Amino acid sequence: MISSTTPLLADLRLTLADIAELAHVRRPVVSVWRRRHASGATPFPAPVAAPGGNASAPLRFRASDVVDWVEVSGLGNNRAFRADVALRAVLDGESGPPDDVAFAGLTALLRLKAYAPEPLASLDVDDILDLADELDPDDDFLYAEVEALGTHTDRFAALADLAAGSAYTPGAAVEALLAERFRARREALTRSALAPAALALLADLAGAVVGDHLASGVTVARAVADPYPGCGDLLAAVLGRGEVVETPTAYVPRGDAHRLVRRRLGAHGWSVRSLETETVAVAHGTRALPLVVTQVPPVGSGVLDDVAVLERVEDVVLGLAHGQHALVLGPASALVDASSSPEAESVRSALLRTDRLRAAVLLPAGLVVDRSRERLALWILGDGHPGVDIADRWTLVADLSGVAPVAGTFPRAVVEDLATDVVAALGTPGDVQRHAFRFAQFVYMRKVLASRTGLLDTARPVVRGARDDAGAGVVRVGELVDLLDGVSRPALGVAVQRGEAEPARRVRLGSLVDGGAVRRVPGNRLEESDVRAAGADPAGASRVIGVPELLGDEEVGARVVDRLEFAGRYPAGRLTEPGDVVFCTTPRPAALVDTEGFSVVAFPARVLRLRAHRPDDAPGVVGTDARLVPEVLARDVASQPRGSRWRSWEVRIVPVGEADDVAAALARVRERRAAARWELAHLEELEKVLVDGVTTGVVRMRKDEPGS
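Undergrad: If you had to explain the environment of Gly523 to someone new, which residues and values would you point to?
TA: Along the chain, Gly523 turns up in the loop between β14 (518-521) and β15 (532-533). Once the C-alpha coordinates of Gly523 and Arg606 are considered, the two residues, 83 residues apart in sequence, prove to be 4.7 Å apart. Excluding anything up to four places from it in sequence, Gly523 contacts Arg574, Val601, Phe603, Ala605 and Arg606.

Undergrad: So what about the pattern of salt bridges? Which residues, and what values?
TA: Inspection of the entire model under this criterion finds 29 salt bridges. Taking the shortest distance from any N to any O, the salt bridge between Arg191 and Glu187 comes out at 3.5 Å. Accessibility expressed as a relative area gives 28% for Arg191, which makes it partly exposed. Residue Asp233 pairs with Arg264 through a salt bridge whose shortest N-O separation is 2.7 Å. Of this pair, Asp233 sits in helix α13 (residues 233-239) while Arg264 sits in helix α14 (residues 259-267); the two residues are 31 residues apart in sequence, bridging distant segments of the chain. For the pair shown, Asp233 and Arg264 are each scored as buried.

Undergrad: Would you mind going over the sheet that holds strand β21 (residues 606-610) in detail, with residue names and values included?
TA: Ordered in space as β14-β21-β18-β19, the four strands form an open sheet in which the pairing is antiparallel. Pairing within the sheet leaves two strands with one partner each, and these edge strands are β14 and β19 (590-594). In this sheet, adjacent strand axes meet at a mean angle of 25° when their direction is disregarded. Alignment of strand β18 (residues 580-584) against β21, held across three bridges, turns out to be antiparallel. Following the sheet pairing, Phe583 is matched in β21 by Arg606. Along the sheet, helix α26 (residues 630-638) contacts β18, β19 and β21; its crossing angle with β19, the most-contacted strand, is approximately 165°.

Undergrad: Could you give an account of the sheet that holds strand β16 (residues 541-545), naming the residues involved and the relevant values?
TA: Across the sheet, four strands lie side by side as β15-β17-β16-β20; this open sheet has mixed pairing. Both outer strands of the open sheet, β15 and β20 (600-601), are each paired with one neighbouring strand and no more. Bridge count for β15 against strand β17 (residues 559-562) is two bridges, and the pairing is antiparallel. Residue pairing in the sheet places Arg532 in a bridge with Val560 of β17.

Undergrad: An account of the pairing of strand β4 (residues 249-252) is requested, with residue identities and associated values reported.
TA: The side-chain alternation of β4 yields two buried faces, one formed by Thr249 and Tyr251 and the other by Ala250 and Val252. Across four bridges, β4 lies against strand β5 (residues 271-274) in parallel orientation. The partner of Ala250 across the bridge, within β5, is Val272. With respect to chirality, the unit in which β4 leads through α14 into the neighbouring parallel β5 is right-handed.

Undergrad: Go over the packing of aromatic side chains, please, and point to the residues and values.
TA: Overall, the coordinates contain five aromatic pairs when judged by the stated rule. On the numbers, 5.5 Å between centres and 85° between planes, the contact of Phe44 with Phe61 is edge-to-face. Placement of Phe44 in the loop between α3 (27-36) and β2 (60-62) and of Phe61 in strand β2 is noted, with a sequence separation of 17 residues between them. Its relative accessible area of 9% is what places Phe44 among the buried residues. Note on Phe61: relative accessible area 0%, which makes it buried. In textbook terms, an aromatic cluster arises when at least three aromatic residues are bridged by ring pairs, as seen for Trp33, Phe44, Phe61 and Trp69. The residue whose ring lies beneath Arg312 is Tyr228, and the NZ or CZ to ring-centre distance is 5.3 Å.

Undergrad: Please provide a residue-by-residue account of the environment of Glu416, values included.
TA: Residue placement: Glu416 occurs in helix α19 (residues 412-425). Of the residues examined, Glu416 reaches a relative accessible area of 43% and is grouped as partly exposed. Residues Glu416 and Ala208, spaced 208 residues apart in sequence, show a C-alpha to C-alpha distance of 8.9 Å.

So, how was this worked out
- Residues numbered from 1 in each chain as written.
- Predicted model: local features only at pLDDT ≥ 70, side-chain atom pairs only at ≥ 80, totals over all residues.
- Heavy atoms only, no water.
- Helix = DSSP H or I, 4+ residues; strand = E, 2+ residues; numbered from the N terminus.
- Contact = heavy atoms within 4.5 Å.
- Salt bridge = Lys/Arg side-chain N within 4 Å of Asp/Glu carboxyl O.
- Buried < 20%, exposed > 50% of the residue type's maximum accessible area, 1.4 Å probe, protein only.
- Pairing = 2+ DSSP bridges.
- Axes fitted to C-alpha atoms, helices over the stretch in contact; angles between N-to-C directions.
- Right-handed = clockwise from strand over helix to strand, strands pointing away.
- Phe/Tyr/Trp six-rings, centres within 6.5 Å; stacked < 30°, edge-to-face > 60°.
- Lys NZ or Arg CZ within 6 Å of the ring centre and 35° of its normal.

Structural data, given as structure tokens:
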């Protein structure tokens, strides 16, 4: 156990939700720890008194006690638990420097840690400042931040050593520190931040572009430039792929606004150089060409209007040298949709006339963390084709707006096919004719400029050539067939017998609410920026159920909110309980049963919460011989006519002797229905792979198989 961090944790208090998040477990797991380890040789730490004696406040625990207990018990899924708690202690504590000074100072020390030959904690403050001056003599990225720590320098030096050791490298420690920005709501680091799926997609496409041009002998430096780097998310994603750049080098602008990105990339051991110097070198042909990747607006900037976005993209286009390529990510409203104003149309038309746009890709909504409904588009820029007449100039456009990320990443087949489409679009007209495009369509620039519509509106399919998929289609068919042939369907176990017919018993929903059999719980009025697409790690997130989920426009679980942020920003917020019926009245009545509970219902959706299933829970309303069943209630709500008032809805009740059995049977039906949807999705994919493969010749049916 590392005891040197005890002073760092002295003032920090953790809730059960905090402990779960930091230990990388679900919230109920921590409650199980408390219950199972309430006594014994190593009992779970006791809570401390709430501030001001507030009995209704969440339980809080001394961080140092929790860290010691987790390390002794060996529970949790975070080997760096002590370091992560210490980071939170420093950045959330009240006994240290201001929050922004602490954050900047710690990132500076982690950058210095990557340079220092010995632990920082073994140096006194003057030695640390001398080392910072040696690494950054012109104070371009870290000296001022280290100096600002003042008397706290030694404490932060110990924390930097601890964080780097727990994360294995200073660079990984910086990434862990930056991951806290969303919880801490650091707007300067979260505004316009991209979801992991978008960062991974850009890194994959950058690798495809660089790899193709290296293979073709074109002089492309294994380096990446970003004129609008923000905090460096895109650069870190691209440079972090070893297959993209062999000797990682980043070119970023000089200036105070870019100090953090220099510290972040340098902590990984990557070379960071001045973009201004590189621009001059490229212009004089003295250096190879870095790939340009950028996002407009960058992280830290708020929403920009379309004209401002296009003006920044114009700077990128005009700065490209012959043979240089760029990937530019920005709002679809500016890059591919019909222009929002005559001024925006004028700027975009001028960009299109440069003939540098080789491909444009419309991406799905949900890739900007704080603007979940905004759609992005990607421009792939390269050289024009000098041998093509002005009237015949063209580009390629692709629509991926209907391809949603799964578990925080785009499907591998989608990424690979899009990458091959992008590489072909950067090639010669002959490359385009020979390539079998999956997503891209052909657009004549003259038609786009004349129509003044969106780029996708005038697209037409590319005449497809033959493409060898290296056997991928055959392999995928085999995988899908094995998967589907191996599906087992457990028996539903629904046993029924004939009974005497009798009229269905119906009760008005308003009467059930008035009588107490059902409680109506309002939904939560959420800020749009607090709702994000679900990531790969569900820990610390609560599902959002709203009108899109009820109408089937979104899968339940596709949208989430951060659990800690929800609790902090919405102290009166409500979560569902298992068995709640979530419903809406507009645009039409719809309902579903939340069997898991602990979800956040987004207004105008609401909850119908049934009381415990005992006949005497609602005397005089349901009666002693009948019960409400959530699945039946949800089905009745969904069948109501449009525009009707919820209090007048008539819902059916079930004889008490049948209620438990029919509820269990309906639960099994629900599970089988979910399995059937999964099977249908894979059958649809199999059908597509077979049709596409056979018609292009890469898949051929074997004649020696039974049933062929």
